[in-house]
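Understanding the architecture of this molecule
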Amino acid sequence: QVQLVESGGGLVQAGGSLRLSCAPSGSIASINTMGWYRQAPGKQRELVASIISGGTTNYADAAKGRFTISRDNAKNTVYLQMNSLRPEDTAVYYCKGRIMDRSRHLWGDYWGQGTQVTVSS
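This write-up is about the structure you can find in this document.

What counts and how
Residues numbered from 1 in each chain as written. Predicted model: local features only at pLDDT ≥ 70, side-chain atom pairs only at ≥ 80, totals over all residues. Heavy atoms only, no water. Helix = DSSP H or I, 4+ residues; strand = E, 2+ residues; numbered from the N terminus. Buried < 20%, exposed > 50% of the residue type's maximum accessible area, 1.4 Å probe, protein only. Contact = heavy atoms within 4.5 Å. Areas by Shrake-Rupley, 256 points an atom, 1.4 Å probe, with all protein chains shown as cover. Pairing = 2+ DSSP bridges. Disulfide = S-S within 2.5 Å. Salt bridge = Lys/Arg side-chain N within 4 Å of Asp/Glu carboxyl O. Axes fitted to C-alpha atoms, helices over the stretch in contact; angles between N-to-C directions.

1. A few points about the overall build of the chain
- From N to C terminus, the chain includes 0 helices and 11 strands.
- Along the chain direction, N to C, the helices and strands of the chain fall in the order β-β-β-β-β-β-β-β-β-β-β.
- Across its three principal directions, the C-alpha atoms of the chain cover 45 × 25 × 20 Å.
- Relative to its full complement of 121 residues, the chain shows a buried share of 43%.
- Contacts in the chain between residues far apart in sequence, at least 24 positions, make up 56% of those at least 6 positions apart.
- Accessible area of the chain: about 6,300 Å², with a carbon and sulfur share of 46%.

And the structure:
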């Protein structure tokens, strides 16, 4: 069983910073793309940033220049550094991983439970 556990959310004032972490655990053979998504109340879940195993990154327009996604392959951990936070960044942030389960050797998309980020004005 593969699980993704996020941490690092919280309450911050506008202009502040937070760093989110996502650590997959369980029966993992390989990890391909890892990404961060967010869902604000009444809105659809949207991609914030993603990173493939080779390090290539992709950002939503709202995240460019303010957020940085990175990964530590040795720790199987992905991070999202968020700077210059705005009230409109308030949402539940989810980690998603494209992961091969070691026992079944099948690729699957796995989601974390989400972590709340609240930015006050």
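2. Describing the pairing of strand β10 (residues 106-111)
- Across 6 bridges, strand β9 (residues 91-101) lies against β10 in antiparallel orientation. Bridging from a neighbouring strand, lysine 96 pairs with tryptophan 111 of β10.
- Hairpin remark: β9 followed by β10, antiparallel, with 4 residues in the connecting loop; positive phi at histidine 105, about 55 degrees.

3. Comments concerning the state of the cysteines
- Within the structure shown, the criterion is met by 1 disulfide.
- Disulfide partner of cysteine 22: cysteine 95, at an S-S distance of 2.1 Å. Because the torsion about its S-S bond is -80 degrees, the bridge between cysteine 22 and cysteine 95 counts as left-handed. Pair noted here: cysteine 22 is in strand β3 (residues 18-26) and cysteine 95 is in strand β9, with a separation of 73 residues, a long-range link. Side by side, cysteine 22 and cysteine 95 carry an identical accessibility label, which is buried.

4. Notes on the pattern of salt bridges
- With the rule as written, the count across this model stands at 5 salt bridges.
- When the shortest N-O distance is used, the salt bridge between glutamate 46 and arginine 38 registers 2.8 Å.
- One salt bridge connects arginine 66 with aspartate 89, and the closest N-O pair in it is separated by 2.7 Å. Here arginine 66, found in the loop between β6 (57-59) and β7 (67-72), pairs with aspartate 89, found in the loop between β8 (77-82) and β9; they are 23 residues apart in sequence, far enough to count as distant.

5. Re the sheet that holds strand β1 (residues 2-7)
- Strand order in the open sheet formed by 4 strands is β1-β3-β8-β7, and the pairing between neighbours is antiparallel. Strands with a single pairing partner mark the edges of an open sheet, and in this sheet they are β1 and β7. Here the strands of the sheet are splayed against their neighbours by 15 degrees on average, with no regard to which way each runs.
- As judged from the 5 bridges shared by β3 and β8, these two strands associate in the antiparallel manner. Within the sheet, the bridge partner assigned to leucine 20 lies in β8 and is leucine 80.

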